[in-house]
Amino acid sequence: MTTESAVEPAGSPTARPAPGPARFAFGETFTDHMVTAAWAADRGWEQGALEKRGPLAMDPAMVGLHYGQVVFEGLKAYRQADGSVGVFRPVDHALRFQRSARRLAMPEMPVATFLRAVDDLVAADADLLPDDPALSLYLRPVLYASEPVLALRPAREYRFVLIAFLTGGFFADRPDPVSVWISRDRSRAAPGGTGDVKCAGNYAPGYLAQQQAALAGCHQVIWLDAAERRWVEEMGGMNIFFVRGTGPAARLVTPPRGGTILPGVTRDSVFGLAERHGLHTGEERLSVDAWREACRSGDLTEAFACGTAAGITPIGTVHDGDDRWSVGTGEPGPVTLALRTALTAAQQGRSPHFAPWIRRVAGTARAH
Ligand SMILES: *Cc1c(COP(=O)(O)O)cnc(C)c1O
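The paragraphs below set out a description of the structure included in this document. (Residues numbered from 1 in each chain as written. Predicted model: local features only at pLDDT ≥ 70, side-chain atom pairs only at ≥ 80, totals over all residues. Heavy atoms only, no water.)

A tally of regular secondary structure across the protein chain gives seven helices and 18 strands. In terms of C-alpha radius of gyration, the protein chain reaches 20 Å, essentially the compact-globule figure of 21 Å for 368 residues. Along the first, second and third principal axes, the C-alpha atoms of the protein chain reach 60 × 55 × 35 Å. In the protein chain, buried positions account for 57% of the 368 residues. Within the protein chain, residue pairs in contact and separated by at least 24 positions form 72% of the contacts whose partners lie at least 6 positions apart. (Helix = DSSP H or I, 4+ residues; strand = E, 2+ residues; numbered from the N terminus. Rg over C-alpha atoms; globule rule 2.2 N^0.38 Å. Buried < 20%, exposed > 50% of the residue type's maximum accessible area, 1.4 Å probe, protein only. Contact = heavy atoms within 4.5 Å.)

Right, let's get into the site of the ligand. In the neighbourhood of the ligand, 15 residues make up the surrounding shell, with K198, Y203, E234, T266 and T308 lying closest. Within the side chain of R96, one N or O atom sits 2.8 Å away from an oxygen atom of the ligand. Starting from 380 Å² of accessible surface for the ligand in isolation, the protein chains cover 98%. Those elements giving two or more residues to the shell around the ligand turn out to be α2 (90-103), β12 (238-244) and α5 (265-276). In the shell around the ligand, the residues fall into four nonpolar, seven polar and four charged. (Near = heavy atom within 4 Å. Polar contact = N/O pair within 3.5 Å; in protein donor to acceptor, adjacent residues only side chain to side chain. Areas by Shrake-Rupley, 256 points an atom, 1.4 Å probe, with all protein chains shown as cover. Nonpolar A, V, L, I, M, F, W, Y, C, P; charged D, E, K, R; others polar.)

Attention shifts here to the packing of α2 against helix α3 (residues 111-125). It is the contact of α2 with α3, at a shortest axis distance of 9 Å, that shows an interaxial angle of 125°. Looking at the two axes, α2 sits oblique to α3. The chirality of how α2 crosses α3 is right-handed. Within the contact between the two elements, α2 uses P90, V91, H93, A94, L95, F97 and Q98 and α3 uses V111, F114 and L115. The class makeup of the residues in the contact of α2 with α3 is eight nonpolar, two polar and no charged. (Axes fitted to C-alpha atoms, helices over the stretch in contact; angles between N-to-C directions. Parallel < 35°, antiparallel > 145°, perpendicular 65-115°, else oblique. Left-handed = near helix turned anticlockwise from the far one by under 90°.)

Most of strand β1 (residues 33-40) sits inside the fold, with eight of its eight residues counted as buried. Residues of β1 alternate between two faces, with H33, V35, A37 and W39 on one and M34, T36, A38 and A40 on the opposite face, all of them buried. Summarising the sheet, β1 and strand β8 (residues 157-168) pair through six bridges and their orientation is antiparallel. Residue pairing in the sheet places A38 in a bridge with R159 of β8. Looking at chain direction, β1 and strand β2 (residues 44-45) are connected through two bridges and run antiparallel. In the sheet register, W39 faces β2, and the bridge partner there is W45. In this structure, the hairpin formed by β1 and β2 is closed by a connection of three residues. (Pairing = 2+ DSSP bridges.)

Moving on: the packing of α5 against helix α7 (residues 334-347). At a minimum axis separation of 10 Å, α5 and α7 run at an interaxial angle of 105°. In terms of their interaxial angle, α5 and α7 are classed as roughly perpendicular. Touching T266, S269, V270, L273 and A274 of α5 are L339, A342, L343 and A346, all from α7. The class makeup of the residues in the contact of α5 with α7 is seven nonpolar, two polar and no charged.

If you look at the biggest cluster of nonpolar residues, it comprises 39 residues, and the most contacted ones within it are L139, L143 and F160. Sorting the residues of this core by element identifies β1, β5 (75-79), β6 (85-88), α2, α3, β7 (135-145) and β8 as the ones contributing at least two each. For this core, the leading source of residues is α3, giving six residues. Every residue in contact with L139, bar those within four places of it in the chain, is listed here: E73, G74, L75, V87, V118, L121, V122, L162, I163 and A164. Grouped together as the second largest cluster of nonpolar side chains are 24 residues, V232, M235, M238 and F242 included. (Core = buried A, V, L, I, M, F, W, Y, C linked by side-chain atoms within 4.5 Å.)

As structure tokens, then:
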């Protein structure tokens, strides 16, 4: 992939890249350092150690490789209006990292250890982040079972690694909308499964549907619920929102969590920003049929997906088998654009009301 694609990193390595700034391919331009920490049943957690980024030693029998006892996170650091570097909602990511670990019977990293690893890596590599507001530092913590044992039981040794890469942003005034393809025969998440946590095993099973979407000429796959196969759940590795109505009557809705939807930090941020804008918000299940009908009747005016990697991405057209329809005019709508601008401002420390979402990292200030 030579251009950055408007999708979450683990969602779709083979998708047609969405239009966007082509300066950095997503997840390829890594920084110089990493933070590592080990956990063992008898010793607990080590403090993380900052080192030069490089290959990891691993035993070929390590549990993570064979049985997928691996969880990860994705969060971003942005150059702030005052020249320092700030991380967006790291405590929320630390708490979700704990929840993911718990689901896979893994040890939970203390929030303070997670935050210190983030601070250390950002402070070490902040110089690589230019003043350009279109760029950010994507942070990727991963926790994997490192014990060499092939018995089917949770490992007794784990390793944490934090790496980072520089990434372009999506701050054009009028972002290009993506086309989506509804997967009718494959599922991302099932009731009682792991769809609501970020475990590594959730992502490769989506590649094939993503390839089908690309073959159909679409940027992204839409996931339906696994039980009835009619309720819209997510887009690729991003949460999805719909706008009903227009103007003061506009209402922003998203599918309820219910165990098969990943509780995105961006999803939660969008709710916060929308409420601040005086928008009506809510959780609502939407079926594919209702989506189509509401677009045709004009009741559903906008749709967008959101996640840390690509921010807010408008959805322009929907393909369902041979049927296709556009959302609104097919162009990004006013609610989508307003939320996108507001999210960017919050991430860059330009919204005093949302200042608590930013953790400033000491020693990262740059003279203007
Ligand atoms: C990570 C992820 C999201 C978005 O979560 P953010 O915290 O907003 O980045 C949405 N859906 C899936 C499946 C994800 O893995």
